[in-house]
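As a plain string of letters, each chain reads:
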Amino acid sequence: MVSNNLIPPALVRPNVNGLQVLWLQESGIDCLWGKPLLPLVPNNQAGALEKPENTVPTSGKLTANAPGRQAQAHKQAIQGSGGLQRLEREQQASASHQPAVYQRPARHFTRQQGQAEPLQKTPPVVVLRPDVGNLDWADLRESVVACTGCGLAAHRGQAVFGEGAQPSDWMFVEESPGQQDDWHGQPFMGKAGALFDNMLKALGLQREMVFTTPLVKCRPVANIVPSKEEVASCQVFLQAQIEWVQPKCIVVFGRAANTLLLTNETIEALRGRDCFMTAKNGMQIPVVVTYHPNHLMVMQADKAKVWQDLQRARQIVHSA
Ligand code: SF4
């Protein structure tokens, strides 16, 4: 005879130990592969776990967290039976024959990229704020150092104004300061800086002969892409610097190219193209896009491409 009683889903304990069961339940996961997790409790405690709500206080903030309440009940039941020692024993035993499962921590600093925008042949001229456009070089530097114009100021060690000669035929722009730049208050420090120095040397240049600066002067937390608002707040400083430096060519590294040229195209797609920035006086300044030294430390094969780009920039400077 066929029974009409519903058959409860089989409880399973997949290949996870008791502590992992506890973690899964604390994360709100009560089943794996469509089957409920078998709580790790002695048989005489199993009934208590079937109604976890009765085993934990219902007052306080924890009542809003059902999975947490369940896990708490589970833990209490285990504690009551001496199961914690068993859990630890299980964990030690399983560590010897089970691979450790590393769960990548959630990143809280990601920011959505904007929609792809077409490359503009003539980027809009940024109108300088009067309080920036009228400053001399020293006051401009002071303005950057003291600036709290966007949220990046809250997390910086120090703002990175830039360093080198002004005026200069060459200007190098990266997106934002790295951690070492933030510590030293100067662009291109650390290993990437050493590589940058070698690139300059190959061109017969030194830092003192060029001007180097980040597009956004303060380091974003965890090196995330600066927001449009942060870029807009800071771009007046870069525009003012361009007018002081009067470069014949601006070499732009990595993602800074997307921001300066208002495009989401890849660096590979932008390399070798004729790009320009428009200065306040209407003059078009050639922009050469290439890979950032940080990229070269990982992708050494791209050094040849960067060398091509730098030679192209040198041609532009010499022919201007
Ligand atoms: Fe000011 Fe630029 Fe730093 Fe923002 S990133 S606080 S605008 S200097």
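So, here's what we can say about the structure. Please read all numbers here as calculations on a predicted model, not as lab measurements. (Residues numbered from 1 in each chain as written. Predicted model: local features only at pLDDT ≥ 70, side-chain atom pairs only at ≥ 80, totals over all residues. Heavy atoms only, no water.)

### Re the site of the ligand
Next up, step 1: Residues in contact with the ligand, as listed here, are C147, G149, C150, L152, A153, R156, V216, K217, C218, S233, C234 and F237.
Next up, step 2: If you map the ligand onto the pockets, it falls in the largest cavity.
Next up, step 3: Partitioned by chemical class, the residues of the shell around the ligand number 8 nonpolar, 2 polar and 2 charged. (Near = heavy atom within 4 Å. 1 Å grid on protein atoms, 1.4 Å probe; cavity = no way out; pocket = protein on both sides within 12 Å on 5 of 7 lines; lining within 4 Å. Sits in = over half its atoms within 2 Å of the grid points. Nonpolar A, V, L, I, M, F, W, Y, C, P; charged D, E, K, R; others polar.)

### Overview of empty space enclosed by the protein
Next up, step 1: According to the stated counting rule, one finds 1 cavity of 30 Å³ or more in the structure shown.
Next up, step 2: The volume enclosed by the largest cavity comes to roughly 90 Å³.
Next up, step 3: Lining the largest cavity are 15 residues, and of these C147, G149, C150, C218 and C234 sit closest to its centre.
Next up, step 4: Looking at the lining of the largest cavity, the element that brings in the most residues is helix 9 (residues 228-245), giving 3 residues.
Next up, step 5: Within the lining of the largest cavity, the residues separate by chemical class into 10 nonpolar, 3 polar and 2 charged. (Points joined across faces, edges and corners; volume = space filled by probe spheres on them. Helix = DSSP H or I, 4+ residues; strand = E, 2+ residues; numbered from the N terminus.)

### Describing the packing of helix 8 (residues 190-202) against helix 13 (residues 303-319)
Next up, step 1: Running from amino to carboxyl end, helix 8 crosses helix 13 at an angle of 50 degrees, the nearest separation of the two axes being 11 Å. Looking at the two axes, helix 8 sits oblique to helix 13. Read as a crossing pair, helix 8 and helix 13 show a hand that is right-handed. The segment helix 8 lies against helix 13, with L195, M199 and A202 engaging K303, V306, W307, L310 and R314. (Axes fitted to C-alpha atoms, helices over the stretch in contact; angles between N-to-C directions. Parallel < 35°, antiparallel > 145°, perpendicular 65-115°, else oblique. Left-handed = near helix turned anticlockwise from the far one by under 90°. Contact = heavy atoms within 4.5 Å.)

### As for the pattern of salt bridges
Next up, step 1: In the structure shown here, the tally under the stated rule is 10 salt bridges.
Next up, step 2: The closest approach of N and O atoms between D169 and K248, which form a salt bridge, is 3.7 Å. In this pair, D169 sits in the loop between strand 3 (163-164) and strand 4 (170-174) while K248 sits in the loop between helix 9 and strand 6 (249-253), placing the two residues 79 residues apart along the sequence.
Next up, step 3: Given a relative accessible area of 30%, K248 falls into the partly exposed group.
Next up, step 4: R271 is the salt-bridge partner of E268, the closest N and O atoms lying 3.2 Å from each other.
Next up, step 5: For E268, a relative accessible area of 37% puts it in the partly exposed group.
Next up, step 6: The exposure class of R271 is buried, given its relative accessible area of 14%.
Next up, step 7: Overlapping salt bridges bring together E268, R271, D302, K305 and D309 as one network. (Salt bridge = Lys/Arg side-chain N within 4 Å of Asp/Glu carboxyl O. Buried < 20%, exposed > 50% of the residue type's maximum accessible area, 1.4 Å probe, protein only.)

### Focus: the side chain of R156
Next up, step 1: In this fold, R156 is placed in the loop between helix 6 (137-146) and strand 3.
Next up, step 2: Although R156 is buried, it makes no salt bridge; D182 carries the closest opposite charge, 7.0 Å away.
Next up, step 3: From its side chain, R156 meets the backbone oxygen of V145 in a polar contact 3.3 Å long.
Next up, step 4: What R156 contacts, discounting residues up to four positions off in sequence, is V144, V145, A146, C147, D182 and C218. (Lys, Arg positive; Asp, Glu negative; His and termini not counted. Polar contact = N/O pair within 3.5 Å; in protein donor to acceptor, adjacent residues only side chain to side chain.)

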